[in-house]
Amino acid sequence: MTLDSAPRRRCAVVGLGARARLYTQALTGPHADRAELVAFCDVNAHRMAVHNEWIAPAGPVPAYRAEDFDEMLRRERVDLVVVCTVDRTHDEYIVRALEAGCDVVTEKPMTTDADRARRILDARRRTGRSVRVAFNYRYNPVHSAVRQLLARGEIGEVGSVHFEWLLDLRHGADYFRRWHRDKANSGGLLVHKSTHHFDLVNWWLDASPDTVFAQGGLFFYGDEAGRRRGLARDYTRAHGSPAAEGDPFALRLADEPLLKSLYLDAESEDGYHRDQNVFAPGVTIEDDMAVLVRYDSGATLTYHLTAYAPWEGYRIAFNGSEGRLELLVEETTWSRPGIQTALHGAETDEDAGRTELLLRRFWERPREIEVPVGEGGHGGGDVRMLGDLFGAGGADPLGRAADATAGARSLVTGLAANESLGAGWVVGVGELLEV
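Here the structure is a predicted model, which means the values were calculated and not measured.

Asker: Let's hear about the packing of helix H10 (residues 194-205) against helix H15 (residues 404-423): which residues, and what values?
Answerer: The geometry of H10 relative to H15 is characterised by a closest axis approach of 8 Å and an angle of 115 degrees between their N-to-C directions. Handedness of the crossing formed by H10 with H15: right-handed. Residues Thr195, Phe198, Asp199 and Asn202 of H10 form the contact with H15, whose own contacting residues are Ala406, Arg409, Ser410, Leu411, Thr413 and Gly414. Here the residues of the contact of H10 with H15 are counted per class, giving three nonpolar, five polar and two charged.

Asker: Explain the pattern of salt bridges to me, and be specific about the residues and the numbers.
Answerer: According to the stated counting rule, one finds 40 salt bridges in the structure shown. Note that Arg178 and Asp174 form a salt bridge whose closest N and O atoms lie 3.5 Å from each other. As far as burial versus exposure is concerned, Arg178 and Asp174 are alike and both buried. With a closest N to O distance of 2.8 Å, Asp174 and Arg274 form a salt bridge. Placement of the pair is Asp174 in helix H7 (residues 171-174) and Arg274 in the loop between helix H13 (267-270) and strand S9 (288-295), with a sequence separation of 100 residues. Look at Asp174 and you get buried, because its relative accessible area is 5%. Among the charged side chains, a network of salt bridges with common partners joins Asp91, Asp113, Arg116 and Arg119.

Asker: Break down the packing of aromatic side chains for me, citing the residues and quoting the values.
Answerer: Taken as a whole, this structure holds 19 aromatic pairs when the rule is applied. Taken together, a centroid distance of 4.0 Å and an interplanar angle of 5 degrees make the contact between Trp165 and Tyr314 stacked. A residue pair is termed long-range when its members are at least 10 positions apart, and Trp165 in strand S7 (residues 158-168) and Tyr314 in strand S11 (residues 312-320) qualify at 149 residues. Centre to centre, the rings of Phe198 and Tyr303 are 4.9 Å apart; their planes meet at 55 degrees, and the pair counts as tilted. With Phe198 in helix H10 and Tyr303 in strand S10 (residues 300-309), this residue pair connects regions lying 105 residues apart in the sequence. Residue Phe198 is classed as buried on the basis of its relative accessible area of 0%. Residue class for Tyr303 comes out buried when judged on its relative accessible area of 2%. Linked through ring pairs, Tyr137, Phe163, Trp165, Phe198, Trp204, Tyr303, Tyr314 and Phe318 together constitute an aromatic cluster. Between Arg229 and the ring centre of Phe219, over which it is positioned, the NZ or CZ distance is 4.4 Å. One residue, Arg274, lies across the ring of Tyr263, its end atom 5.8 Å from the ring centre.

Asker: Account for the state of the cysteines, naming residues and giving values.
Answerer: Applying the stated rule across the entire model yields zero disulfides. Between Cys41, a cysteine without a disulfide, and Cys84, which holds the nearest cysteine sulfur, the sulfur-to-sulfur distance is 12 Å. Since its relative accessible area comes to 0%, Cys41 is described here as buried.

Asker: Hey, could you go over the nonpolar core for me, with residue numbers and the actual values?
Answerer: Grouped together as the largest cluster of nonpolar side chains are 95 residues, with contacts concentrated most on Trp204 and Phe318. Looking at this core, the element that brings in the most residues is H15, giving eight residues. Other than its neighbours up to four places away in sequence, Phe318 contacts Val146, Leu150, Ile155, Val158, Ser160, Val161, Trp204, Leu205, Gly323, Arg324 and Leu325. Core analysis: the next-biggest nonpolar cluster, separate from the first, contains 24 residues, Val82, Ala134, Leu386 and Leu389 among them.

Asker: Give me the lowdown on the pairing of S10, citing residues and values where you can.
Answerer: Burial analysis of S10 places seven of its ten residues in the buried class, the great majority of the element. Pairing analysis gives eight bridges linking S7 to S10, with the strands arranged parallel. Within the sheet, the bridge partner assigned to Asp168 lies in S10 and is Ala309. Of the pairings in the sheet, the one linking S9 to S10 comprises seven bridges and is antiparallel in character. Among the inter-strand pairings, Leu292 is bridged to a residue of S10, identified as Thr302. The turn linking S9 back onto S10 is made up of four residues, and Gly298 within it adopts a positive phi angle of 100 degrees.

Parameters at a glance
- Residues numbered from 1 in each chain as written.
- Predicted model: local features only at pLDDT ≥ 70, side-chain atom pairs only at ≥ 80, totals over all residues.
- Heavy atoms only, no water.
- Axes fitted to C-alpha atoms, helices over the stretch in contact; angles between N-to-C directions.
- Helix = DSSP H or I, 4+ residues; strand = E, 2+ residues; numbered from the N terminus.
- Left-handed = near helix turned anticlockwise from the far one by under 90°.
- Contact = heavy atoms within 4.5 Å.
- Nonpolar A, V, L, I, M, F, W, Y, C, P; charged D, E, K, R; others polar.
- Salt bridge = Lys/Arg side-chain N within 4 Å of Asp/Glu carboxyl O.
- Buried < 20%, exposed > 50% of the residue type's maximum accessible area, 1.4 Å probe, protein only.
- Phe/Tyr/Trp six-rings, centres within 6.5 Å; stacked < 30°, edge-to-face > 60°.
- Lys NZ or Arg CZ within 6 Å of the ring centre and 35° of its normal.
- Disulfide = S-S within 2.5 Å.
- Core = buried A, V, L, I, M, F, W, Y, C linked by side-chain atoms within 4.5 Å.
- Pairing = 2+ DSSP bridges.

The structure is reproduced here in structure tokens:
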């Protein structure tokens, strides 16, 4: 049987928030010839109904409550499960899908703690099924170029990496409005967000983290900081709250059609508020974090994440035995007041900046490496990743596909950093999770 004549894989999506739309559109659009969307599963029936409206005329597909997940797998003869639920529940659906004989694609992070990661790794070994972690940043053309340059030895042996990631006031604040603000749900930004970045470094260096030290805290958001700087307003959530009027940090769900349909109109079912006050009590995650990592290759990483910056993007520099490689990506150049939703990843606007990749070899003039940017989110990374997940696949000399081991290896740096934040000392990665 040829690849073109192979039967389509029967796919189900669990967790129908905004991120799931990336997968439902792919499965009912460009990849419908190789994969078939056969079911939804969520705690909220309204959100599933909204997604079914979006995929018309390809849909609708059967919608199952979360408690009926196992029944869905059996009844719909599911081959592949796409997991887009709250981070702390990823392992529950991944393990049950693997044990039912399904393969899994999961949103990052793979999970939120070491015990859950072990459950996933054990289930994958026991069942022999596949787990893929959706690290779309690996597929961004400029990140692929970095991988190629380092692998070719353009700067020799890498001794150190300096990595600064900035979340602007739209994107950064959004984590403090949602379920992510509770570390029990998300693992904090060092797990939920930074797992992307730690995965990139693991992949770029072809190395594993060995020891981690971290410092940081809640500097800008939260009730105490908000009161101290005069930013706090007396409301719990923005919708229907007069105190939220004029607050540049307030998310107005009623003015955002996509968010209104997925969240505001769905509140009666589960009571989830997507528009919480970023300066209200209840924030248990950090917004400013510094991490020092040593890898088994001997290289070190200095990493900083700031979640309240005036612009969004990142700077990365690799110092090697024969030169230096520098990457600058400006995703937005500034945050305009009055724009509450985050414009990142899948969206761009006229405030997007530049991407610059510079190779600085010893005794040579700097050379800019031109990299074409693809269409779609994350510099074309989303489109390439979806093609790899649901399309023809094929050989990839860059090794961009991330399995459960890669998911655990990226996760463990953030877990060790969280441990270090609380303990105040260097944490050995092997003490938490063997990967």
